[in-house]
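The chain contents come next:
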Amino acid sequence: MTDQRSQAEIVRQSLKRRYRKERRFRAYGIMAIAIALGALIILFTDIIGKGYTGFVKTTITMDVQLDGGMMYLDDPTDERQIKMADFVEPLVQALIKEIPGATEEDRKQVRELINPYASVTLRDALKNNPEWLNTTRTLTFLTHTDVDVYVKHAGDGAYSIKLNEQQRAWVDDLLERNVVDTSFNNVFFSGGDSRDPSKAGIVGAIVGSLLTMFVTLILSFPIGVAAAIYLEEFAPQNRFTDFIEVNINNLAAVPSIIFGLLGLAVFINLFGMPRSVPVVGGLVLSLMTLPTIIISGRAAIKSVPPSIREAAEGIGASKMQVVLHHVLPLAMPGMLTGSIIGMAQALGETAPLLLIGMVAFIVDVPDGFFDSATVLPVQVFLWAGSPELAFIERASAAIMVLLTFLISMNALAIWMRKRLERRW
Amino acid sequence: MQPANLLLLTLVMAIVAYGLGYARSRSLAMPMGGIRHLKSLPFYYGARAALWSGIPALLVLACWMAFQGKVIQLIVIGGLPEGLIPPTDGEASLLLSKISNVASGALPSGFVEAPIAEAAERLKALRSQSQFLMSALVISVAVLAGFLGWLRIRPRLNARAQVEAILKWLFFSCAALAILTTVGIIFSVAFETFRFFEKVPFTDFIFGSHWSPQTALRADQVASQGAFGMIPLFTGTLLISAIAMIVAVPVGLLSAIYLSEYAGKKVRGVVKPLLEMLAGIPTVVYGFFAALTVAPFISDVAATLGIEASSQSALAAGAVMGIMIIPFVSSLSDDVINAVPQAMRDGSLALGATQSETMKKVIFPAALPGIMGGILLAVSRAIGETMIVVMAAGLAANLTANPLETVTTVTVQIVTLLTGDQEFDSAKTLAAFALGAMLFLSTLLLNVVALKIVRKYREQYD
Amino acid sequence: MNSVNTTIASEATQPVETAVPVQESKPAETVIEEGKTVGNPFSNDPKFKLRDVEVFYGETRAIKKISLDIARNEVIAFIGPSGCGKSTFLRCLNRMNDSIDICRVNGTLQLDDHDIYDPKRDVVELRARVGMVFQKPNPFPKSIYDNVAYGPRIHGLANRKSDLDEIVESSLRKAGLWDEVKDRLDATATGMSGGQQQRLCIARAIAVSPEVVLMDEPCSALDPIATAKVEELIAELSESYTIVIVTHSMQQAARVSHRTAYFHLGHLVEVNETNKVFTSPEHELTESYITGRFG
């Protein structure tokens, strides 16, 4: 066996080199995973880093003298008067009083610290409490966005601070005395979009998303389940069935923007449906989600063992009874899981909605399926495209909200799969 | 009545019909000595009545909803005085939006001509009439059909067979909806595309190397023609997709290999869901990341290296798109690698091959066709990806292969051309549909080929 | 080693007598006492020396304290009913069980006096010395030539193309396949018949000149003619290799092996000269099995 001995020797000698290769290959794999996970981590930290300040608002609390003469107002219940009255002046005066060393000369600089909507807040407060006229009240207002940015990002190079030296000194002083303060940004969760970042909220977008998702769900889930049942249980083996299958598989891979073109051409141009409404958005998204739901539904039906079918058929159940009484309930968890994943996809979808006009600037929270609306991801898109950095912050915050929704939906799907799916 | 309420009402009526049908079948059965003398269970008589009532009503509702908008528009336009009837579809749509703005109160009626204000009034009237008519029609159809269905309940009637037949047809139509969707896509892009080619020659579009769709508003303006050569768009799309694939294919493939061949159960259990998380992140988030973090980073790095890089470089969009596609490549490759029978692995390991030798020389070649199919699917996804490029790639249609320059893509142009104010008839809008048609065709081709390869590969080992 | 041999042998004779009467339909498991093997499990010149081998799959104990020697250049056949652990035991010999996460092996397993399961032991080198042929032919989806050349290539056994050609030719000749395929070495291996594929796998295994070839039911997927050819091949190979063959067919064991080992529910019940096992088995269970009372 000298032959074998020498062969073994050769093998032994080659081992070192081969194990080096083996280690290198393994290292490549680890590197690849590290790149992918690293990207995930960077993405998340970037967004959280940019966005967490979006959940914080900067306010100013001061004693406002509601002097009727200064405001040109003597009857706050009079609609006409309240429309014409000057609500900026009391705010400016109050702030000048709060800032030591500030005089009437500085009024322009002082005024730049107050949020443009603060006067509206004051007006509404007075309208609701007419007895406040000619008293002095301690009230809290949003600061100007520039102050907000300065307070949050003074030491952060990425943000350009628009306040001048004088204003910065004032704000620093006010901060120290807690006149200017930061707190949880409830405005972000109580209103729709706005031209002013400090007033912008995501409720409008969330409601728009919910309305759209509702339409998507009630259309795509029953239709998807029905189609899956037909294809898996009733469809004859013929060319037409094959054709349907090929269609579904291809539709699952068609770029989403094409569905936007379909929605624009068919629902809006052909049927004359209104633009930017949740119904049309839901229609488009349900067409887009259907293939996903059908494919996962079929997989769920397939996993129900034939013995169940045979057992039911054996006691004389009709095909439809077998399917509806036995197969469908057993396949339901799988179908629900697939649908949740499909809905999560639809919730994050943006491109097709841009084409059907859900990209408009909408301040009001939509109150119906036929009301102009936008959705969460489109809101992110709109804010991200803004040159104002305060909007970028809102966009990141909105992304965090969107991701929270998506992650909880996916977690729910995973939980359901673990919990409800039977192993045969 | 609001459509949503009407829908609910229809469902309620169907439930009522169910109850009535159920009750009637029972009362018919009573004198005969119980429900076992019925041909089917009372449930099926009820279900039959519900279907009879609900389906026609819902069909009427859907048709009415689908066509009322267009019909009302036509009536409103037709009712305008001679001089105001718009000559083209584009002007018509502008005029209509003006009228509907007046009708909804967004535009005070004092600001528009009297005929327009009248038209707005008519629009409002027509809308409420239409809603009334629709409600009346749907309700009467539901009641009438339900009543007929109820009337025809006989003990000998095989309600179960009928209900099952109707259900089967319902299921079938749901499945056939996939075909309808495809047909809808083809028609919606084909129609406008043909109209586009009436305005712009086909060859100019396919072979033109200049893209600048800014048509003039007035005929006497300079550059009133606009140029519609799609080559720079396709090269831009390909450049970004190529960058994405350079990132996604090695990373996705290697991580799939590591996870399926080396990683322990625990590692796999943690890493796989995390990788899948990358797939679950909405594209708009990637777009945000690319535009606001990666692109500035790349141009900063390039600047310190003394290279010129655009702030909207193809590299930023491509790299981020690559990250998005990683889980797609890795899960497809994972499937394919796992489909290679264990016997192959055993055969190679038993000869004394190391794991990496087995992977590189046996498993990978065996899985190659399937992996290629997966990569083609990934390419098709990269080509059709919209939000990342809309946010991170530019609008300038440069014909370049330099990843640090700005390029634009087909999808970016579709979105740009179709958002904002637009006329339905201009070459600009139609161009978007022509681009859509090209996009649809190329991704369809990739998908069909890829799915075929993958299916063939699967069959090989089944 | 001698002392071990005698203790086991002396104990081995007892259980049969003291056992509860065996029922016809269900051979009682109480008959088998752990680690006790009748017959002649040891050898003076062992290639493999296996002592108290236990294999666990998770909690299940698939192999229960088996001790056995496999002699140099012998052909030993493992027989026994399905699920008796014979394949599991075979796969321990070149550590093919390593790829199963939940599998754990205890006991002493030595090849030429070196521990197989030594953590420092190189699996690659071990498998280069102990080749394996599987139940189902598993040619790689490559050409016939590449299949046979695969092993020599990864181990770097040939420096020149001509050396490789020579190895491929001689392996194919030894496997009795050369004349059938010499004109189509570039054809893909998956296009061959089942019997040819299996002989190709044998050629592939012997191309790396192993000292031992393990065969896990190599003929179970083959028709009788192909089986005959493979058996012929085994007989020829036995001149230069140690061969361990797991088989379902007692006739095959009788035809090709020198010694036969009978496994039952993870126990090694009896090992003896093949002739003896089939003509006068010492253990009752062996007899039941070879007379076809269960299997």
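Residues numbered from 1 in each chain as written. Chains lettered and ligands numbered in written order. Predicted model: local features only at pLDDT ≥ 70, side-chain atom pairs only at ≥ 80, totals over all residues. Heavy atoms only, no water.

## Description of the overall build of chain A
A count of helices and strands for chain A gives 17 helices and 3 strands. In terms of overall dimensions, chain A is more spread out than a globule: its C-alpha atoms have a radius of gyration of 31 Å, far above the 22 Å expected for 424 residues. Based on the C-alpha atoms only, the size of chain A along its principal axes is roughly 105 × 70 × 40 Å. Counting over 424 residues, chain A shows a buried share of 55%. Put simply, of all contacts in chain A between residues at least 6 apart along the chain, 75% involve residues at least 24 apart. The distance from the centre of the 39 positive side-chain charges to the centre of the 42 negative ones in chain A is 17 Å. (Helix = DSSP H or I, 4+ residues; strand = E, 2+ residues; numbered from the N terminus. Rg over C-alpha atoms; globule rule 2.2 N^0.38 Å. Buried < 20%, exposed > 50% of the residue type's maximum accessible area, 1.4 Å probe, protein only. Contact = heavy atoms within 4.5 Å. Lys, Arg positive; Asp, Glu negative; His and termini not counted. Charge placed at Lys NZ, Arg CZ, Asp CG, Glu CD.)

## Concerning the pairing of strand S8 (residues 212–216) of chain C
Residue and element names in this part refer to chain C. Of all 5 residues that make up S8, 5 are buried, and the element is covered over most of its length. Of the two faces of S8, the one holding Val-212, Leu-214 and Asp-216 and the one holding Val-213 and Met-215 are both buried throughout. Pairing analysis gives 4 bridges linking strand S7 (residues 130–133) to S8, with the strands arranged parallel. By the bridge assignment for S8, Met-132 is matched with Leu-214. Across 5 bridges, S8 lies against strand S9 (residues 242–246) in parallel orientation. (Pairing = 2+ DSSP bridges.)

## A closer look at a nonpolar patch on the surface
A cluster of nonpolar residues, Phe-214 and Ile-218 of chain A together with Leu-7, Leu-8, Leu-11 and Leu-58 of chain B, forms a patch on the protein surface that exposes about 510 Å² of accessible area. At the level of elements, helix H9 (203–234) of chain A together with helix H1 (3–32) of chain B are the ones that each hand at least two residues to the nonpolar patch. Following the sequence through the fold, Phe-214 of chain A ends up in helix H9. A residue is classified by how much of its surface remains accessible, and Phe-214 of chain A, at 44% relative accessible area, is partly exposed. (Patch = residues over 30% accessible without salt bridge, like charges linked within 9 Å, V, L, I, M, F, W, Y side chains within 5 Å. Areas by Shrake-Rupley, 256 points an atom, 1.4 Å probe, with all protein chains shown as cover. Salt bridge = Lys/Arg side-chain N within 4 Å of Asp/Glu carboxyl O.)

## Quick look at the domain arrangement of chain B
Taken domain by domain, chain B comprises domain 1 (3–157) and domain 2 (227–461). Of note, the centres of domain 1 of chain B and domain 2 of chain B, computed from C-alpha atoms alone, are 46 Å apart. (Domains from an automatic or database assignment.)

## Side note on the interface of chain A and chain C
If you look at the interface, chain A gives 13 residues, while chain C gives 15 residues. Carbon and sulfur atoms supply 49% of the area buried between chain A and chain C, which totals about 1,200 Å² over both sides. At the junction of chain A and chain C, the tally comes to 1 salt bridge. Arg-12 of chain A is paired through a salt bridge with Glu-125 of chain C; the nearest N and O atoms lie 2.8 Å apart. The interface formed by chain A and chain C contains 4 residue pairs in polar contact (both at pLDDT 80 or more). In terms of residue class, the side of chain A that touches chain C is made up of 6 nonpolar, 3 polar and 4 charged. (Buried area = accessible area lost by both parts, 1.4 Å probe. Polar contact = N/O pair within 3.5 Å; in protein donor to acceptor, adjacent residues only side chain to side chain. Nonpolar A, V, L, I, M, F, W, Y, C, P; charged D, E, K, R; others polar.)

## Some remarks on the packing of helix H7 (residues 231–262) of chain B against helix H10 (residues 314–339) of chain B
Residue and element names in this part refer to chain B. It is the contact of H7 with H10, at a shortest axis distance of 5 Å, that shows an interaxial angle of 35°. Judged by the twist between their axes, the crossing of H7 over H10 is right-handed. In the contact of H7 with H10, the residues fall into 21 nonpolar, 8 polar and 2 charged. (Axes fitted to C-alpha atoms, helices over the stretch in contact; angles between N-to-C directions. Left-handed = near helix turned anticlockwise from the far one by under 90°.)

## Here's the deal with the packing of aromatic side chains
Following the criterion strictly, the structure yields 30 aromatic pairs over all chains and no others. Seen from their ring centres, Tyr-18 of chain B and Tyr-22 of chain B are 5.9 Å apart, and the 35° between their planes marks the pair as tilted. Residue Tyr-18 of chain B and its partner Tyr-22 of chain B are located together in helix H1, separated by 4 residues, close to a single helical turn. When its relative accessible area of 27% is taken as the criterion, Tyr-18 of chain B is described as partly exposed. One cation-aromatic arrangement involves Arg-195 of chain A over Phe-361 of chain A; the distance from NZ or CZ to the ring centre is 3.7 Å. (Phe/Tyr/Trp six-rings, centres within 6.5 Å; stacked < 30°, edge-to-face > 60°. Lys NZ or Arg CZ within 6 Å of the ring centre and 35° of its normal.)

## Focus on the pairing of strand S11 (residues 267–273) of chain C
Residue and element names in this part refer to chain C. The buried count for S11 comes to 6 of 7 residues, which makes it a mostly enclosed element. Relative to S11, strand S1 (residues 38–39) runs parallel, the two sharing 2 bridges. Along S11, the bridge assignment pairs Gly-39 with Val-271. As defined by bridge partners, strand S10 (residues 259–264) adjoins S11 across 6 bridges and the pair is classed as antiparallel. Looking at S11, one finds that Phe-263 is bridged to Leu-268.

## Digging into a positive patch on the surface
Among the surface-exposed residues, Lys-16, Arg-17, Arg-20, Lys-21, Arg-23 and Arg-24 of chain A together with Lys-360 and Lys-361 of chain B lie close enough to one another that they form a single positively charged patch. The dominant element in the positive patch, judged by the number of residues it contributes, is helix H1 (residues 2–51) of chain A, at 6 residues. Structurally, Arg-24 of chain A can be placed in helix H1. Using a relative accessible area of 43% as the deciding quantity, one classes Arg-24 of chain A as partly exposed.

## Looking at the domain arrangement of chain A
All names here are of chain A. When the domains of chain A are assigned, the result is domain 1 (56–184) and domain 2 (203–420). Each of domain 1 and domain 2 was reduced to a C-alpha centroid, and the two centroids are 46 Å apart. Summed over both sides, the interface between domain 1 and domain 2 buries roughly 480 Å², with carbon and sulfur atoms accounting for 50% of that surface. Inspection of the domain 1/domain 2 interface yields 2 salt bridges. Here Arg-394 makes a salt bridge to Asp-148, at a shortest N to O gap of 4.0 Å.

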